[in-house]
Amino acid sequence: MHPHALPTATAVVAMTTMAICAITTMLRGDLPPWLVAPQISFLGCTGPERIVFQVGFGLTAVLLAANIATYVRAALPRFEQRLHTELKVAAGLAFAAAIGLGILGVVPLQRDCVALLEGRAPLLTESIVHQGAASLFFLASWVHGAVSIRLYRRSLATRVNEVAVVPPCRWRM
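Residues numbered from 1 in each chain as written. Predicted model: local features only at pLDDT ≥ 70, side-chain atom pairs only at ≥ 80, totals over all residues. Heavy atoms only, no water.

In this section: the pattern of salt bridges. Evaluation of the coordinates by the stated rule reveals six salt bridges. In this structure, the salt-bridge partner of R28 is D30, at a minimum N-O distance of 2.9 Å. Overall, R28 belongs to the partly exposed group, its relative accessible area being 47%. Salt-bridge contacts for R120 lead to E118; the nearest nitrogen and oxygen are separated by 2.5 Å. Residue R120 is classed as exposed on the basis of its relative accessible area, which comes to 59%. (Salt bridge = Lys/Arg side-chain N within 4 Å of Asp/Glu carboxyl O. Buried < 20%, exposed > 50% of the residue type's maximum accessible area, 1.4 Å probe, protein only.)

Structure below.
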């Protein structure tokens, strides 16, 4: 398999899922006209797009996890031993993000999410689970990015005789 096939497939599945959900939601008029730029989560609340949202983001999460496992397996031998723990932390955070994505995909917002926005429906457990999973996805992704940047900076410094080839970071973790 080509090394870029898995990341490409992951991106294609994610973008296709969002496009199908957005187009279906707009064509069916499932969201009110005042909701001009809805969050992606609102595209999977109702109608046939709900199943597309669940399957598409569930599959994207599985593919993302496969990407992470493949990357770690290939990257671990290339990083200095002293950085292996940091690489594993970054991978763990990425896996946490994939889990969050999988849960938010499989458990979309409640079907009456627009009524909830308008104050005409109570907040249901599925929306709480969805928002919690979305928070996990975004937070773990962000921290993974910060840890990864630090990891690569430290690795680059070692690979050029301890002289950093990138500007120093202004913040520390």
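Further remarks concern a nonpolar patch on the surface. A surface patch of nonpolar side chains, amounting to about 300 Å² of accessible area, comprises I99, I103, V129 and L136. Mapped onto the nonpolar patch, the elements with two or more residues apiece are α3 (84-106) and α5 (125-159). Residue placement: I99 occurs in helix α3. (Patch = residues over 30% accessible without salt bridge, like charges linked within 9 Å, V, L, I, M, F, W, Y side chains within 5 Å. Areas by Shrake-Rupley, 256 points an atom, 1.4 Å probe, with all protein chains shown as cover. Helix = DSSP H or I, 4+ residues; strand = E, 2+ residues; numbered from the N terminus.)

A separate point is the nonpolar core. Core analysis: the biggest nonpolar cluster contains 20 residues, and L31, F42, L101, L104 and C113 have the highest contact counts within it. For this core, the secondary structure elements donating two or more residues are α1 (5-28), α2 (49-75), α3, α4 (113-117) and α5. Apart from residues no more than four positions distant in its own chain, F42 is found in contact with L31, L35, L109, C113 and L117. (Core = buried A, V, L, I, M, F, W, Y, C linked by side-chain atoms within 4.5 Å. Contact = heavy atoms within 4.5 Å.)

In total, this model carries three aromatic pairs according to the counting rule given. Ring centres of F137 and F138 lie 4.9 Å apart, and the angle between their planes is 65°; this geometry places the pair in the edge-to-face category. The exposure class assigned to F138 is exposed, which follows from its relative accessible area of 57%. (Phe/Tyr/Trp six-rings, centres within 6.5 Å; stacked < 30°, edge-to-face > 60°.)

Applying the stated criterion to the full structure yields one disulfide. Two residues share a disulfide in this structure: C45 and C113, whose sulfurs sit 2.2 Å from each other. Judged by the sign of its S-S torsion, about 125°, the cystine formed by C45 and C113 is right-handed. Of this pair, C45 sits in the loop between α1 and α2 while C113 sits in helix α4, and the two are 68 residues apart along the sequence. Residue classification places C113 among the buried residues on the basis of a relative accessible area of 3%. (Disulfide = S-S within 2.5 Å.)

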